[in-house]
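Descriptive structure summary
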Amino acid sequence: PEFLLRLIEEFEFIGDLYEDVGENVGRRWHRHVIAYRLACGGVKPWRVKFVDVLVFYQIHNDWRIVEEKLDDAEGIETLRKYVETWIKEGIVPEKYVVTFNPTKVEDTRGTIRELALSLRSNMTPKEIHNLVYEVARKRHEDPRELFKKLYIAILGKPYGPRLGKLIYALGIEKVKKTLLSLID
């Protein structure tokens, strides 16, 4: 499944590249773009990222909510049967198995508290991701360690999908309240 997921991500990347610059991709990507064009006629079969659909569906377990949050009903419908099969067959790579499992963590430097208090409900996944780095630097903490602590606090395991996307998918306010309750 990890290999297949990498292929899907590469397909999506090439689709974005083709959409942005067409055939003018240079030698490195030229063969990829030709393969992409042959596979789908140069028309993106979905705009949303497969991994996002996989994560959001595990969290919400409701296709209406997934469509509302990811805003690509047609693409989600295309990917729906694959996501459901991956989950049913248990072939979701462990990194992308998502279960909200709040777990107490040590916050000796107050880094998690500061991060939680800095979260705003209107933040984008990228802004959330960047905030983790900002707070870690400000508190002189290794960002990798902070990410690990946050994954443990949210999922009960030291890794997971992109943290900004995960927090956004779970709900920023929900995660904020959870993090503050886990360190008090």
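The preceding data block contains the structure.
What comes next is a walk through the structure. (Residues numbered from 1 in each chain as written. Predicted model: local features only at pLDDT ≥ 70, side-chain atom pairs only at ≥ 80, totals over all residues. Heavy atoms only, no water.)

A word on helix 1 (residues 2-21)
For helix 1, which comprises 20 residues, the first-to-last C-alpha distance of 28 Å matches the rise-based estimate of 28 Å (1.5 Å per residue) to within 8%. For helix 1, the set of buried residues is Leu5, Ile8, Glu12, Ile14, Gly15, Leu17 and Tyr18. In this fold, the buried residues of helix 1 make contact with helix 2 (27-40), helix 3 (50-60) and helix 5 (73-89). In the segment just after helix 1, Gly22 is the residue with positive phi, at about 65 degrees. (Helix = DSSP H or I, 4+ residues; strand = E, 2+ residues; numbered from the N terminus. Expected span 1.5 Å × (residues − 1). Buried < 20%, exposed > 50% of the residue type's maximum accessible area, 1.4 Å probe, protein only. Contact = heavy atoms within 4.5 Å.)

Description of the environment of Leu70
Within the secondary structure, Leu70 sits in helix 4 (residues 63-70). Each C-alpha atom, one on Leu70 and one on Leu5, is 19 Å from the other, the two residues being 65 residues apart in sequence. When neighbours within four sequence positions are excluded, Leu70 is seen to be in contact with Val48, Asp52, Val53, Phe56 and Ile76.

Regarding the nonpolar core
Here is a general trend for soluble globular proteins: nonpolar side chains tend to be buried in one another's company. With 50 residues, the main nonpolar core has Val53, Ile154, Leu163 and Leu179 as its most contacted residues. Dropping the residues within four chain positions of it, Val53 is found in contact with Val48, Trp63, Val66, Leu70, Ile76, Leu79 and Val83. Membership of the second largest hydrophobic core comes to 8 residues, among which are Tyr18, Val25, Val33 and Tyr36. (Core = buried A, V, L, I, M, F, W, Y, C linked by side-chain atoms within 4.5 Å.)

A closer look at the packing of helix 6 (residues 111-118) against helix 8 (residues 143-155)
When two helices pack together, their arrangement is given by the angle between the helix axes and by the axis-to-axis distance. Relative to each other, helix 6 and helix 8 sit at 75 degrees, their axes nearing to 11 Å. Relative to helix 8, the element helix 6 lies roughly perpendicular. Residue-level inspection shows Thr111, Ile112 and Leu115 of helix 6 in contact with helix 8, the latter providing Leu146, Lys149 and Leu150. Residues that form the contact of helix 6 with helix 8 fall into these classes: 4 nonpolar, 1 polar and 1 charged. (Axes fitted to C-alpha atoms, helices over the stretch in contact; angles between N-to-C directions. Parallel < 35°, antiparallel > 145°, perpendicular 65-115°, else oblique. Nonpolar A, V, L, I, M, F, W, Y, C, P; charged D, E, K, R; others polar.)

Limitation: the analysis is restricted to geometry and does not speak to function.
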